[in-house]
Amino acid sequence: MIKPQMLRSGSRVAAISLSWGGPGTFRYRYEIGKRQFEEEFGVTVIETEHALRHPDWLSKNPKARADDLMVAFADDLIDGIFSTIGGEDSIRILPHLDLDAIRANPKVFMGYSDTTISHAACFKAGLVSFYGPALMTGFAENGGMFPYTIDSVRKSIFSAQPIGLIEPNQTGWTVEHLDWSAPENQSIKRKLNPSTGWEFHQDYGEVKGRLFGGCLEVLDWLRGSPYWPPLESLIGAVLFLETSEETPPPSLITEFIRSLAAMGVLEKLGGILFGRPGGLISPELFQSYDDAICNAVRVEHGLDELPIVTNMDFGHTDPVFVIPYGLQVRINSASRRISIDEAAVVNVQCL
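The structure reproduced in this document is the subject of the present report. (Residues numbered from 1 in each chain as written. Predicted model: local features only at pLDDT ≥ 70, side-chain atom pairs only at ≥ 80, totals over all residues. Heavy atoms only, no water.)

Some details on the sheet that holds strand E3 (residues 80–83)
Short version of the rule: Think of it this way: DSSP has to see at least two bridges between two strands before they count as a pair. Helix numbers and strand numbers start at the N terminus; a helix is a DSSP run of H or I with at least 4 residues, a strand a run of E with at least 2. A contact between two residues is defined here by any heavy atoms of the two lying within 4.5 Å. Geometry is summarised by axes, namely lines fitted to C-alpha atoms with helices restricted to the contacting stretch, and by angles between N-to-C directions that run from 0 to 180 degrees.
Strands sit in the order E2-E1-E3-E4-E5-E12 across an open sheet of six strands; the sheet is mixed. Edge positions in the sheet fall to strand E2 (44–47) and strand E12 (323–324), since each of these pairs with one other strand and no more. By the bridge criterion, four bridges tie strand E1 (residues 12–16) to E2 in an arrangement that is parallel. Among the inter-strand pairings, Arg12 is bridged to a residue of E2, identified as Thr44. In this fold helix H2 (residues 27–41) packs onto E1, E2 and E3, with an angle of close to 150 degrees to the strand it touches most, E2.

With respect to the packing of helix H9 (residues 250–262) against helix H10 (residues 286–299)
Rules: Any angle between 65 and 115 degrees counts as roughly perpendicular, while under 35 counts as roughly parallel, over 145 as roughly antiparallel, and the rest as oblique. For a crossing to be left-handed, the near helix must be turned anticlockwise from the far one by less than a right angle; the clockwise case is right-handed.
Running from N to C, H9 and H10 point in directions that differ by 20 degrees, and their axes come no closer than 8 Å. Relative to H10, H9 is oriented roughly parallel. For the element pair H9 and H10, the recorded crossing hand is right-handed. Together, Pro250, Ile253, Thr254 and Ile257 of H9 and Ser288, Tyr289, Ala292, Ile293, Ala296 and Val297 of H10 make up the contact between the two elements.

Considerations on the environment of Ala134
Tracing the backbone shows Ala134 in the loop between strand E5 (130–131) and helix H7 (147–157). Through-space distance from the C-alpha of Ala134 to that of Gly86 is 7.8 Å; in sequence the pair is 48 residues apart. Leave out the neighbours within four places in its chain, and Ala134 touches Ser83, Thr84, Ile85, Tyr112 and Phe139.

Topic: the pattern of salt bridges
Close approach of charged atoms lets side chains of opposite charge pair. As a reminder, the rule being used: Between Lys or Arg on one side and Asp or Glu on the other, a salt bridge is scored when a side-chain nitrogen of the former is within 4 Å of a carboxyl oxygen of the latter. Type-normalised accessible area, obtained with a 1.4 Å probe on protein chains alone, sets the label of each residue: buried when under 20%, exposed when over 50%, and partly exposed for intermediate values.
Taken as a whole and assessed by the stated rule, the structure comprises 18 salt bridges. Its salt-bridge partner being Asp318, residue Arg190 comes within 2.9 Å of it at the nearest N-O pair. In this pair, Arg190 sits in the loop between strand E6 (164–166) and strand E7 (199–201) while Asp318 sits in the loop between strand E11 (308–312) and E12, placing the two residues 128 residues apart along the sequence. The buried category is assigned to Arg190, whose relative accessible area is 14%. Judged by its relative accessible area of 12%, Asp318 is buried. Via salt bridges that share partners, Arg65, Asp89 and Arg92 belong to a single interconnected network.

Some words on the environment of Pro168
By the secondary structure assignment, Pro168 is in the loop between E6 and E7. Considering only alpha carbons, one finds Pro168 and Tyr148, 20 residues apart in sequence, at a separation of 9.2 Å. With sequence-adjacent residues up to four places away left out, Pro168 is seen in contact with Tyr148, Gly197, Trp198 and Asp313.

What about the packing of aromatic side chains?
The test is simple: Between rings of Phe, Tyr and Trp, where Trp is taken as its six-membered ring, a pair exists when centres lie within 6.5 Å; planes separated by under 30 degrees are stacked, by over 60 edge-to-face, and by other angles tilted.
Tallied over the entire structure, the rule returns 19 aromatic pairs. On the numbers, 4.9 Å between centres and 55 degrees between planes, the contact of Phe37 with Phe82 is tilted. Here Phe37 is found in helix H2, whereas its partner Phe82 is found in strand E3, with 45 residues between them in sequence. According to the relative accessible area criterion, Phe37 is buried, its value standing at 0%. Ring plane angle 80 degrees and centroid distance 6.0 Å describe the contact between Phe82 and Phe139, whose orientation is recorded as edge-to-face.

Some words on the sheet that holds strand E13 (residues 328–332)
To summarise the sheet geometry, strands pair through backbone hydrogen bonds and adopt either a parallel or an antiparallel arrangement. Strand order in the open sheet made by the eight strands is E6-E14-E13-E8-E9-E10-E11-E7, with mixed pairing throughout. Either end of the sheet is taken by a strand with one partner, and the two such strands are E6 and E7. In this sheet, neighbouring strand axes are inclined to one another by 30 degrees on average, regardless of whether the strands run parallel or antiparallel. In this structure, E13 lies alongside strand E14 (residues 337–340), joined through three bridges in antiparallel fashion. In the strand pairing of E14, Arg330 is matched with Ser339. Each of E7, strand E10 (271–275) and E11 touches H10; the most contacted strand, E11, lies at about 165 degrees to it.

Here it is in structure tokens:
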């Protein structure tokens, strides 16, 4: 995998709308995310040509969205590319992407949710990309970004040092939605639920494998397409999964894992990481998602030595840590430790 050049204070980054036109609907929310990102990290955010377009226009023009991405990758004055928000139809941009151009112009690319589609394209192109906050969500957090997210963004894309130990957030998590159509809500900090830590299932010592995954519902759309990784690239891989704010039932997870087994993927994996379920769901029901994963893996398919870690801090709850596609992650079930022992970016000036 090709690692992109690290970002630093003074870097120019592009804001891009690859799916839903969130900035065109809630411009003030986008501007807050842009400002908080710039002030915290010292970067300059510029918009791609169509980033601020109305959602209806973007929906009708998937090629224009793809063109924005390709122009941003090709532009030597752009150091990184950040999704403004997710959505549900970025899969329509895939026919218009040039993977050779992405490979030839490696740079930091970050987003989550429906941006899983573009991450799959980067993965196929051989580029390390980053499953992390979008400009209108984590970077625009009410009352300022969460320190846990800030720290992970710094370690992942603003430093060429090994990322190291990834620890659970201890300060509380939230999925509360404060209506973006009411700008006065921006000053209200969201209510936090107590952090309960991560759940380690199936104690199997230590494993190491490269990361691939994303939003489960979106990944499911890719199965059978040229953008689903070939089996050989998933041997020993650690699959990270999370569910969206639409709150899919645990049965969807069972069905997805059954499909992986039918494809010959499940038995080849080195481990599974599962983010805290997204959507307005009671924490008391989280166990039903854990049960769905563990039953499908262990009971239905007999893989009782496959490490599974659940209730993790990534995806559609906040705060989050950043996950770099293609890097090796180390899972030690005995010591309950997870680490990435290499840098996700390079510092060309130091080579």
